[in-house]
Amino acid sequence: MAAREAGGVVLGKSAEKLFSLSGLFAVYKPKGPTSAGVLNLLKEKLLAEAGVQTNGNKRNQVLKIGHGGTLDSAAAGVLVVGIGKGTKMLRTMLAGSKKYTAIGLLGKATDTLDATGKVTEEKPYDQITKGDLENVLQKFTGDIMQVPPLYSALKKDGERLSTLMKRGEAVEAKPARRVRVYSLSLQQFQPPLFTLDVECGGGFYVRSLVSDIGKELSTCATMQELTRTKQGPFTLEEHALHEDKWTIDEIARSLEHCTSLLPDEPSHKKLKTEHPGKTAVSCEDK
């Protein structure tokens, strides 16, 4: 039997196995690199293991792979990846539920709403109690209106708002939009720091949540750290493959294991029935 070809390249056994992979799996994205950078590194490692030589942009044509929702470079956690026909399922991941652990800092605001930005405001926070914070969280549960941050992946005239902001161009805030918070709880309160667990739907910005909580408490707040602990049925502890597991065999095993998770994901069913065709889809969570 003649060896199969992809992108004009003759495939060996490892490469044939790689190009036969199809479905969804999850990897761990550390703080630092962009989600696109993590995906490119994953792709390069797999193609190198398979012995596939590519030239320039042909790499993208050779291996079909994508991710289901950007994690900002300053954030860590679960990044869902689609390979082969699995890339067609990624939009469901964007719209589905996600869980995060976020650490907020009271008393300071930044232009990016997180620790990477410039401090724009400082206010006292000594008067705030754990009870005050817990009471405020109730206002941010359920269907709420949220203004997306200016530093975001949302676009104006085809360019990301964050790119326009970095160039110093004037950018108007996007209008508030309806987003969904399934659950929100305070895990730790050690002023000025507080830790939240959040489960939310698509299009939600944890940065904006932390900032809005600060305003509701008559002070200001900015997000210090963010970890995505779950996306759809994929959890950080059980499913996210660290870089040392980015091999063809490990991903094949993960795909086999994760196939059984997808049909039973409850958040997909909830979102499908409640606002068909109107779910806000964002490519950035931060």
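It should be emphasised that the depicted structure is a prediction, and the values quoted were computed from it without experimental measurement. (Residues numbered from 1 in each chain as written. Predicted model: local features only at pLDDT ≥ 70, side-chain atom pairs only at ≥ 80, totals over all residues. Heavy atoms only, no water.)

A. Seen up close, the overall build of the protein chain. A tally of helices and strands in the protein chain yields 9 helices and 18 strands. Sequence-distant contacts, at least 24 apart, represent 72% of the contacts inside the protein chain between residues at least 6 apart. Total accessible area computed for the protein chain in this model is approximately 14,200 Å², and 49% of it derives from carbon and sulfur atoms. (Helix = DSSP H or I, 4+ residues; strand = E, 2+ residues; numbered from the N terminus. Contact = heavy atoms within 4.5 Å. Areas by Shrake-Rupley, 256 points an atom, 1.4 Å probe, with all protein chains shown as cover.)

B. Highlighting helix H5 (residues 130–137). Buried within H5 we find Leu133, Val136 and Leu137. All buried residues of H5 project into a common sector of 105° when viewed along the axis, lining one side. Those residues of H5 that are buried lie in contact with strand S13 (177–190), strand S14 (193–200) and helix H7 (206–216). (Buried < 20%, exposed > 50% of the residue type's maximum accessible area, 1.4 Å probe, protein only. Arc of directions from axis to C-beta.)

C. Focus on the packing of helix H1 (residues 13–20) against helix H2 (residues 35–50). One way to put it is that H1 packs onto H2 with a least axis distance of 7 Å and a crossing angle of 145°. Contacts between H1 and H2 pair Ser14, Ala15, Leu18 and Phe19 from the former with Leu46, Leu47, Glu49 and Ala50 from the latter. Here the residues of the contact of H1 with H2 sort into 6 nonpolar, 1 polar and 1 charged. (Axes fitted to C-alpha atoms, helices over the stretch in contact; angles between N-to-C directions. Nonpolar A, V, L, I, M, F, W, Y, C, P; charged D, E, K, R; others polar.)

D. Focus on the nonpolar core. Counting 29 residues, the largest nonpolar core has Phe194, Leu196, Phe204 and Ile213 as the members making the most contacts within it. Those elements that place two or more of their residues in this core are strand S7 (98–106), H5, S13, S14, H7 and strand S15 (221–231). For Ile213, the residues in contact, after removing those within four places along its chain, are Leu133, Val136, Leu137, Phe140 and Leu196. Val27, Ile65, Trp246 and Leu255 belong to the second largest nonpolar core, which has 25 residues in total. (Core = buried A, V, L, I, M, F, W, Y, C linked by side-chain atoms within 4.5 Å.)

E. Seen up close, the environment of Gln188. Assignment of secondary structure puts Gln188 in strand S13. The exposure class assigned to Gln188 is partly exposed, which follows from its relative accessible area of 42%. Sequence-wise, Gln188 and Ile103 are 85 residues apart; in three dimensions their C-alpha atoms are separated by 9.0 Å. Other than its neighbours up to four places away in sequence, Gln188 contacts Leu193, Phe194 and Thr195. In terms of polar contacts, Gln188 uses its side chain to reach the side chain of Gln190, at 3.5 Å. (Polar contact = N/O pair within 3.5 Å; in protein donor to acceptor, adjacent residues only side chain to side chain.)

F. View of the pattern of salt bridges. Throughout the structure, instances matching the rule amount to 7 salt bridges. Between Lys123 and Glu121 there is a salt bridge; the shortest N-O distance is 3.7 Å. On the basis of relative accessibility, which here comes to 35%, the residue Glu121 falls in the partly exposed class. Of the charged contacts in the structure, one is a salt bridge between Glu250 and Arg253, with a shortest N-O distance of 3.4 Å. Taken together, the residues span about one helical turn, with Glu250 and Arg253 both in helix H8 (residues 248–259) at a distance of 3 residues. Connected through shared salt-bridge partners, Lys245, Glu250 and Arg253 make up one network. (Salt bridge = Lys/Arg side-chain N within 4 Å of Asp/Glu carboxyl O.)

G. Region of interest: H7. In terms of burial, H7 is largely enclosed, as 8 of its 11 residues are buried. Inspection of H7 places Val206, Arg207, Ser208, Leu209, Val210, Ser211, Ile213 and Gly214 among the buried residues, and these make up the whole buried set. Of the residues trailing H7, Ser218 is marked for its positive phi of about 60°.

H. Just the confidence of the model for the protein chain, in detail. Per-residue pLDDT for the protein chain averages 83, and the proportion of residues at 70 or more is 77%. Below a pLDDT of 50 lies the segment residues 264–284, which in the model reaches 42 contacts outside its immediate sequence neighbourhood of four places, other chains included. (pLDDT = per-residue confidence, 0-100.)

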